[in-house]
Amino acid sequence: MTIQASLEHLQQQHQQSPYPAIRQRLELLRTLKKLLKDNEAEIIQAISKDFGYRSPYETELAEIFPALKTISYAEKHLANWMQSERRSVSLWFRPAKGSIMYQPLGVVGIIVPWNYPLYLALGPLVAALAAGNRVMLKMSEYTPQFSLLFARLCGKYLGNDWVKVVYGGPEMGADFSRLPFDHLLFTGSATIGKKVMQAASDNLTPVTLELGGQSPVVIDDKYSLTVATERLLFGKLLNAGQTCLAPDHLYLPEAKQELFIEQARKTAEAFYPEWEELGYTSIASTRQFERYQTLFNDARDKGATIIPLFSTGRRVERKVPPALVFDTSPEMLIRQQEIFGPLLPVIRYQDHNEVIKAINAQPRPLALYLFSHDKECIHRYMTETISGGVTLNDTILHVSQESLPFGGVGASGMGHYHGHEGFKTFSKAKSIFMQSRFAATRLMYPPAGRLAKFLLSLMKKS
Ligand code: NAD
């Protein structure tokens, strides 16, 4: 079946049942949960094969667990989200009533990247199904094993009338984003995000763009370096740095360099004692490996000091030890592009004014991480910088809170999903004005007599 035919099929299904009952939606969510639980081992294995090696623990922690949590959260709150909301009407229109009804949009398209192929498919899928939509997903060409498995499992567990999973490369992506969806959610790079938005504009399809960027970390001078280093490296080295929210570069107090190097080495070795064999994930593809090498060589050739964090180790295909990068300059690629790998540029600073200025000179990031107990310092970063989200005194964890909307701003994306915001993104918030049996508005009908003019003068003053 072509993607056009799949879309038409789902559109017909939507027309036959445009407002699925809560029972039906909950059943779909329960089925998705069962799909995950029944096939956990196979999913973990498929993703690991796609990556070369993906730590099973990381797949459980960063894909299976949040996917299950997303479903449970939607199950728990769906009845509440589906309620119409009462809204007030202004005095002159009473006793009419105002309300908002949340209505399914129709068929939603979702484009998925390779780095967390399960969670970044399932997160938006759950939100779209909870909101009563039919869904088509385009999986990444870089996760063929998982994409095929996921397509097969969705067909087996959900049938063909709710969800269709396809996979392919840029050409398929371009065709997919030209389809007249009722909403399109894209997760990936800003370069492709622009193309998707352009293609969607021909159909006036609204888009949510979940992009990446260079998320900065700042450690305040008075914050414990031991704690900050552990929390920073956990976020940075998860999935070998191939996380949209990974701390991209660090602003470190000038005097702390030596202490930080020592602490970072100790932490990285403690986290991944047998990194060549287990625990530490590979760079996921040859294309990504070459990109990593270009960044590394460019920084080294332009004079950066690179300090590996594993002191021992042998070469294993596409596994690269994490490294700190000092003495970088804005001309280096590593300072211009999202790193998406285990390299951490460290920029020394003297005061927070210069850090805030530097952050604001960059495109708006997906996340900002600040380690500080100083209320005034926190207030300054919260009010003087803008980013998709923030984790204070840790990294990446805001993404795991279903109660918080997730999304970028400016170059890091537009729109939100997760939790209630996800439900709203895939719903039409339909405004309904219900006139009352006896409506005073008839006093305003033309031709305008003295009473109407008098009332209008009062209305303008009110
Ligand atoms: P990518 O932009 O190369 O690809 C993303 C998806 O778009 C893939 O499915 C790909 O096949 C498809 N695609 C490619 N060309 C297309 C085209 N012309 N039209 C439509 N679709 C097309 O990104 P990637 O390399 O898969 O993922 C890495 C990027 O994703 C990083 O920038 C990362 O920060 C970002 N990301 C963002 C989030 C987030 O939630 N904000 C999460 C994960 C990754």
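As a further point, take the site of the ligand. Taken together, 30 residues sit near the ligand, with K138, E141, S189, L211 and E338 positioned nearest. Interatomic distance of 3.4 Å between a backbone N/O atom of A174 and a nitrogen atom of the ligand. Here an oxygen atom of the ligand sits 3.3 Å away from a polar atom, N or O, in the main chain of G188. Surface burial for the ligand is 94%, taken as the share of its 850 Å² of free accessible area covered by protein chains.

For the rest of this paragraph, the subject is the sheet that holds strand β7 (residues 207–210). One open sheet holds the six strands; their spatial order is β5-β4-β3-β6-β7-β15, and the pairing between them is mixed. The sheet is open, and its two borders are formed by β5 (163–167) and β15 (413–414), each paired with just one other strand. Examined bridge by bridge, strand β3 (residues 107–111) and strand β6 (residues 183–187) share four bridges and lie parallel to one another. Bridge pairing in β6 places I111 opposite F186. Across the sheet, helix α6 (residues 144–158) touches β4 (134–139) and β5, and the angle it forms with β5 is around 160°.

So, about the nonpolar core. By size, the foremost hydrophobic cluster in this structure holds 91 residues, and its most contacted members are L137, F150, F260 and L324. No other element matches helix α5 (residues 119–130), which puts ten residues into this core. Counting residues domain by domain, this core receives three or more from each of domain 1 (3–211 + 411–430) and domain 2 (215–400). Excluding residues within four positions of it along the chain, L324 makes contact with F260, I261, A264, T305, I306, I307, L309, L344 and V346.

Moving on: the environment of R54. Tracing the chain through its elements places R54 in the loop between α3 (40–51) and α4 (56–82). Using a relative accessible area of 0% as the deciding quantity, one classes R54 as buried. Taking the C-alpha atoms as reference points, R54 and A240, separated by 186 residues in sequence, lie 9.2 Å from one another. Non-local contacts of R54, meaning those with residues more than four positions away in its chain, are made with I47, S48, T59, E63, N115, Y116, P117, N239 and T281. Looking at R54, its side chain comes within polar contact range of the side chain of T59, at 2.8 Å. For R54, the side chain forms a polar contact with the side chain of N239, separated by 2.8 Å.

To continue, consider the pairing of β4. Most of β4 is tucked away, with six of its six residues classed as buried. In β4, alternate side chains face the same way, and those of R134, M136 and K138 on one face and V135, L137 and M139 on the other are all buried. By the bridge criterion, five bridges tie β3 to β4 in an arrangement that is parallel. Considered in β4, the bridge of V108 is made with V135. Between the parallel pair β3 and β4, the chain is carried across by α5, and the sense of this crossover is right-handed. Bridge analysis of β4 against β5 gives five bridges, and the strand direction is parallel.

On to the sheet that holds strand β8 (residues 215–219). One open sheet holds the seven strands; their spatial order is β10-β11-β12-β9-β8-β13-β14, and the pairing between them is mixed. Edge positions in the sheet fall to β10 (305–308) and β14 (389–392), since each has one partner strand and no second. Shown here is a sheet whose adjacent strand axes are inclined to one another by a mean of 25°, direction ignored. Direction of pairing for strand β13 (residues 367–371) relative to β14: parallel, over a ladder of four bridges. Considered in β14, the bridge of L370 is made with L392. Packing of helix α14 (residues 375–384) onto the sheet brings it into contact with β8, β13 and β14, and relative to β13 it is tilted by some 170°.

Looking now at the packing of aromatic side chains. The tally for this structure, following the rule as stated, stands at 18 aromatic pairs. Taken together, the aromatic side chains of F271, Y272, W275, Y280 and F310 make up a single cluster linked through ring pairs. Against the face of Y19 rests R25, its NZ or CZ located 5.0 Å from the ring centre. Positioned above the aromatic ring of F51 is the side chain of R54, whose terminal nitrogen or guanidinium carbon lies 4.6 Å from the ring centre.

Moving on, we get to the domain arrangement of the chain. Taken domain by domain, the chain consists of domain 1 (3–211 + 411–430) and domain 2 (215–400). For domain 1 and domain 2, the distance between their C-alpha centres works out to 31 Å. Facing 19 residues of domain 1, the contacting portion of domain 2 comprises 28 residues. The largest per-residue losses of area from domain 1 upon contact with domain 2 belong to Y53, E58 and W114, which jointly make up 32% of the total buried on that side. If you look at where domain 1 meets domain 2, you find zero salt bridges. Where domain 1 touches domain 2, the interface holds 15 residue pairs in polar contact (both at pLDDT 80 or more). Elements with a minimum of two residues in the side of domain 1 that touches domain 2: α3 and α4.

Each turn of an α-helix holds 3.6 residues, which means side chains three or four residues apart point in the same direction. Of the positions making up helix α7 (residues 170–177), those classed as buried are G173, F176 and S177. Axial view of α7: buried residues confined to an arc of 90°, hence all on one face. On the buried face of α7, the contacting elements are α1 (3–16), β3, β4, β5, β6 and α8 (190–201).

Between α3 and α6, the least distance of the axes is 7 Å, while the angle of their chain directions is 150°. Between α3 and α6, the crossing angle belongs to the class labelled roughly antiparallel. Where α3 abuts α6, its residues E42, I43, A46, I47, K49 and D50 lie against P144, Q145, F146, L149 and R152. Of the residues belonging to the contact of α3 with α6, the class tally is six nonpolar, one polar and four charged.

What follows covers the side chain of D298. Mapped onto the elements, D298 comes out in helix α11 (residues 286–301). Leave out the neighbours within four places in its chain, and D298 touches M332 and L333.

Reading guide: rules and limits
Residues numbered from 1 in each chain as written. Predicted model: local features only at pLDDT ≥ 70, side-chain atom pairs only at ≥ 80, totals over all residues. Heavy atoms only, no water. Near = heavy atom within 4 Å. Polar contact = N/O pair within 3.5 Å; in protein donor to acceptor, adjacent residues only side chain to side chain. Areas by Shrake-Rupley, 256 points an atom, 1.4 Å probe, with all protein chains shown as cover. Pairing = 2+ DSSP bridges. Helix = DSSP H or I, 4+ residues; strand = E, 2+ residues; numbered from the N terminus. Contact = heavy atoms within 4.5 Å. Axes fitted to C-alpha atoms, helices over the stretch in contact; angles between N-to-C directions. Core = buried A, V, L, I, M, F, W, Y, C linked by side-chain atoms within 4.5 Å. Buried < 20%, exposed > 50% of the residue type's maximum accessible area, 1.4 Å probe, protein only. Domains from an automatic or database assignment. Right-handed = clockwise from strand over helix to strand, strands pointing away. Phe/Tyr/Trp six-rings, centres within 6.5 Å; stacked < 30°, edge-to-face > 60°. Lys NZ or Arg CZ within 6 Å of the ring centre and 35° of its normal. Buried area = accessible area lost by both parts, 1.4 Å probe. Salt bridge = Lys/Arg side-chain N within 4 Å of Asp/Glu carboxyl O. Arc of directions from axis to C-beta. Parallel < 35°, antiparallel > 145°, perpendicular 65-115°, else oblique. Nonpolar A, V, L, I, M, F, W, Y, C, P; charged D, E, K, R; others polar.

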